[in-house]
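Understanding the architecture of this molecule
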Amino acid sequence: MMRMVSSDKVFLVIAYDVASDRRRTRLHKKLRSYGTPVQYSLFECLLDRDAITEVRTMVEREVTASEDSVRYYTLCEAYRRRIATLNGRVTLPRQTIVV
């Protein structure tokens, strides 16, 4: 009998508003290594706890607190499945098959 075991990764949405074009572009490029850009300033990421800490540390280094804002939204599996899109796909978690 086979059953699906969900990943230990967390579905994290990162939204940002960065005032400087240069900082915004640099942040966007760096976030690409952590997740999928679904809008220009919105990323969907599937990250383990260590990677979440790493990405948040990186973001804090890249933004200016007095000018920029960043929001992190953690979605549980039930809410992730309820995401609706028009002309786009939701980032899907990788599944592990256990026999």
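The structure this text deals with has already been given above.
All values reported here derive from a predicted model rather than from experimental measurement. (Residues numbered from 1 in each chain as written. Predicted model: local features only at pLDDT ≥ 70, side-chain atom pairs only at ≥ 80, totals over all residues. Heavy atoms only, no water.)

Attention now goes to the overall build of the chain. The secondary structure content of the chain amounts to three helices and six strands. Along the chain direction, N to C, the helices and strands of the chain fall in the order β-β-α-β-β-α-β-α-β. By residue count, 32% of the 99 residues in the chain fall in the buried class. Considering only contacts in the chain between residues 6 or more positions apart, those separated by 24 or more positions represent 72%. With an accessible surface of roughly 7300 Å², the chain has 49% of that area assigned to carbon and sulfur atoms. (Helix = DSSP H or I, 4+ residues; strand = E, 2+ residues; numbered from the N terminus. Buried < 20%, exposed > 50% of the residue type's maximum accessible area, 1.4 Å probe, protein only. Contact = heavy atoms within 4.5 Å. Areas by Shrake-Rupley, 256 points an atom, 1.4 Å probe, with all protein chains shown as cover.)

Strand order in the open sheet made by the four strands is S3-S4-S2-S5, with antiparallel pairing throughout. Each edge of the sheet is formed by a strand with only one pairing partner; in this case those strands are strand S3 (35-39) and strand S5 (69-75). Across the sheet, the mean angle separating the axes of adjacent strands is 25° when strand polarity is ignored. Looking at chain direction, strand S2 (residues 10-17) and strand S4 (residues 42-47) are connected through six bridges and run antiparallel. Bridging from a neighbouring strand, Val13 pairs with Glu44 of S4. On top of the sheet, helix H1 (residues 21-31) reaches S2, S3 and S4; it is set at about 170° to S2, its chief contact. (Pairing = 2+ DSSP bridges. Axes fitted to C-alpha atoms, helices over the stretch in contact; angles between N-to-C directions.)

Ile14, Leu27, Leu31, Leu47, Val55, Met58 and Val59 are the most contacted members of the largest nonpolar core, which has 17 residues in total. Elements with a minimum of two residues in this core: S2, H1, S4 and helix H2 (49-62). Per-element accounting of this core gives the leading share, five residues, to H2. Once residues within four sequence positions are removed from consideration, Leu31 is found in contact with Ile14, Tyr16, Phe43, Val55, Met58 and Val59. (Core = buried A, V, L, I, M, F, W, Y, C linked by side-chain atoms within 4.5 Å.)

Our next topic: the pattern of salt bridges. Here the structure, examined in full by the defined rule, presents five salt bridges. Ionic pairing is found between Glu67 and Arg23, a salt bridge with its closest N-O pair at 3.2 Å. Of this pair, Glu67 sits in the loop between H2 and S5 while Arg23 sits in helix H1; the two residues are 44 residues apart in sequence, bridging distant segments of the chain. Looking at Glu67, the relative accessible area reads 48%, which means it is partly exposed. In this structure, Lys30 and Glu62 form a salt bridge, with 2.6 Å as the shortest nitrogen-oxygen distance. In this pair, Lys30 is assigned in helix H1 and Glu62 in helix H2, connecting sequence segments 32 residues apart. Look at Glu62 and you get buried, because its relative accessible area is 8%. If you follow the salt bridges from partner to partner, you end up with Arg23, Glu67 and Asp68 in one network. (Salt bridge = Lys/Arg side-chain N within 4 Å of Asp/Glu carboxyl O.)

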